[in-house]
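# Remarks on the overall topology
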Amino acid sequence: SSGINAEYGGSISEKLLLHKGPVRCLCTSHDGSLLISGSSDQTVCITNLLTNPPQIIRHLKQTESDSGMLSGLCISNDNTTLISTATSGTLFVYDINDTRPRHSQYNSHEMGVNGCDVKMLQEKHVLCTVGADYLVKLWNIEDDFSLSLSTTMSGHTGQVLCCKFAVLPDNRDALFTGSVDKTVIVWDLETGGKLHQSICHSSFVYSIALQDDKLVSCSSDKTVKRWTVTSGKVRTINVIPIAHQDKLLDWSNKQVKSWLQHILPGAETTLTGVELVNQDLEELVNELGNDDLAQDKLRRSILLLRCFDGAPPEFLCPISMEIMTDPVISTDGHSYERSNITEWLAAGHNTSPFTNTTLSTNSLITNHNLRKIIQTTFLIE
């Protein structure tokens, strides 16, 4: 995008309306000419980025009977083969010129697929898929677009969320995977064994990207980290400061005002996160609260904010990753924001959006204990 500022953020150069449902996945072709987007409406859209404005080339449709949400996209480096993955465990392989899958691979991972990547190895397209079953799998893509499983690798102790093929500085072909277990594993593609495993974050590793000998990873711990890779070993370089990070110091005036509305509806302020952290507590309380009750609520809330510097992961809905206000427990044992899990069930899903296991019933139970903790922590009425 031409509107990107060198330090942070930027301006929007194009806004594309490509799907009827929420967009869940994106990838681009290796030459930068194509944008591929995937939606919860079970469509995949291919857009030409070389035209001005960008033009939709075609919409692809997943099999109607597949009830899983789209979870990953990748395209071969010669722009001939496109793969999409679903939380049901199904893999869809497309000829880039067709609108329907040329091949569907069901039950590729027992508990669903979380992501994928594809690379040409020894003159054959090889697909990597990672799943909620903690496994990493390699598939050969045949000339007729069918898939044959070649290797299954285990080493993570949690769901594997992302994968990326790479070439190491010594010219070995390798694979990087990130997981709920907070680690990144570097795999040797020749042997299928682990070259290295590092604890890279304090929470889930959601996505990884590679450029030359640099690895970039992002996590639900609210950080983006850059690493150097030498002989398969991963070593940290630095934590990249990002403008959208939820750290209290980074809160804008708009975010501070939104928080303040929970504490004192109708109150106004010009404060930012920097002032909320660094200004004397009693000065803040006197400035924002006009009676003893309001000042007491503010005092406790500011202290808690400074302590947490954001929300604990257990306060976040696994679907929206936002703080829950009406948490309910599903039969999978996990808590969700009521409106989010209700929408999921109303769409016809009978599986857990977190583990992809089949739900015994659609019943939901209010999590009174968690709701009370959240209300007490953030003083939400």
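Residues numbered from 1 in each chain as written. Predicted model: local features only at pLDDT ≥ 70, side-chain atom pairs only at ≥ 80, totals over all residues. Heavy atoms only, no water.

### Comments concerning a negative patch on the surface
Defined as follows: Excluding any residue in a salt bridge, patches collect residues exceeding 30% relative accessible area, merging like charges within 9 Å and nonpolar Val, Leu, Ile, Met, Phe, Trp and Tyr side chains within 5 Å. Areas reported here follow the Shrake-Rupley algorithm with a probe of radius 1.4 Å; residue values treat only the protein chains shown as occluding. Only one rule defines a salt bridge in this text: a Lys or Arg side-chain nitrogen within 4 Å of an Asp or Glu carboxyl oxygen. Only four residue types enter the tally: Lys and Arg on the positive side, Asp and Glu on the negative side; His and the chain ends are excluded. Taken as the charge location is NZ of Lys, CZ of Arg, CG of Asp or CD of Glu. Helix numbers and strand numbers start at the N terminus; a helix is a DSSP run of H or I with at least 4 residues, a strand a run of E with at least 2.
Among the surface-exposed residues, E275, D280, E283 and E287 lie close enough to one another that they form a single negatively charged patch. Relative to the elements of secondary structure, E283 occurs in helix α3 (residues 281-288).

### Some remarks on the pairing of strand β1 (residues 23-28)
Condition: Pairing between two strands requires that DSSP report at least two bridges joining them.
Pairing between β1 and strand β2 (residues 34-39): five bridges, direction antiparallel. Bridge pairing in β2 links T28 to L35. Where β1 folds back onto β2 in an antiparallel hairpin, the turn is made up of five residues, including G32, whose phi is positive at roughly 75 degrees.

### Details of helix α1 (residues 253-263)
Residue pairs three or four apart in sequence face the same way in an α-helix, which turns once every 3.6 residues. Just so we agree on the cut-off: Note on classification: 1.4 Å probe, protein chains only; a residue is buried when its accessible area is under 20% of the maximum for its type, exposed when over 50%, partly exposed between these limits. The arc under discussion is defined with respect to the helix axis, by the directions toward the C-beta atoms.
Inspection of α1 places V256, W259, L260 and I263 among the buried residues, and these make up the whole buried set. Down the axis of α1, the buried set is contained in an arc of 100 degrees. They therefore lie on one face.

### Points about the environment of H19
Defined as follows: Note on definitions: a residue-residue contact is assigned when non-hydrogen atoms from the two residues lie within 4.5 Å.
Here H19 shows up in the segment before β1. Taking the C-alpha atoms as reference points, H19 and V44, separated by 25 residues in sequence, lie 8.4 Å from one another. Once residues lying within four places of it in the same chain are set aside, the contact partners of H19 are S37, G38, S39, D41, T43, V44 and C45.

### Let's talk about helix α5 (residues 338-346)
Turning to α5, its buried residues are N340, I341, W344 and L345. When α5 is viewed along its axis, its buried side chains cluster within an angular range of 130 degrees and face the same direction. In α5, those exposed residues whose orientation departs by more than 90 degrees from the buried face are E343 and A346. Those residues of α5 that are buried lie in contact with β21 (327-329) and β22 (335-337). Backbone geometry just after α5 places G348 at a positive phi near 100 degrees.

### Things to note about the sheet that holds strand β15 (residues 183-188)
Here is the rule we go by: Inter-axis angles, ranging from 0 to 180 degrees, are taken between N-to-C directions of lines fitted to C-alpha atoms, where helices are fitted over the stretch in contact.
Spatial strand order, β13-β14-β15-β16: four strands in an open sheet with antiparallel pairing. Each edge of the sheet is formed by a strand with only one pairing partner; in this case those strands are β13 (160-167) and β16 (194-199). In this sheet, neighbouring strand axes are inclined to one another by 15 degrees on average, regardless of whether the strands run parallel or antiparallel.

### Considering the sheet that holds β1
Pairing within the open sheet is antiparallel, and its four strands lie in the order β1-β2-β3-β4. Edge positions in the sheet fall to β1 and β4 (55-61), since each of these pairs with one other strand and no more. Across the sheet, the axes of successive neighbouring strands diverge by a mean angle of 20 degrees, strand direction being ignored. Across six bridges, the pairing between strand β3 (residues 43-48) and β4 is antiparallel. Following the sheet pairing, I46 is matched in β4 by R58.

### Comments concerning unusual backbone geometry
Cis peptide bonds are those with omega within 30 degrees of zero, and the linkage from N52 to P53 qualifies with 0 degrees. Along the chain, P53 turns up in the loop between β3 and β4. With a phi angle near 55 degrees, N107 is a residue other than glycine that sits in the positive phi range. As for its placement among the helices and strands, N107 is situated in the loop between β8 (103-105) and β9 (113-121). Classification of N107 by relative accessible area gives exposed; the value is 63%. Positive phi, close to 80 degrees, is recorded for K182, a residue that is not glycine. By secondary structure assignment, the location of K182 is in the loop between β14 (173-179) and β15. Since its relative accessible area comes to 35%, K182 is described here as partly exposed.

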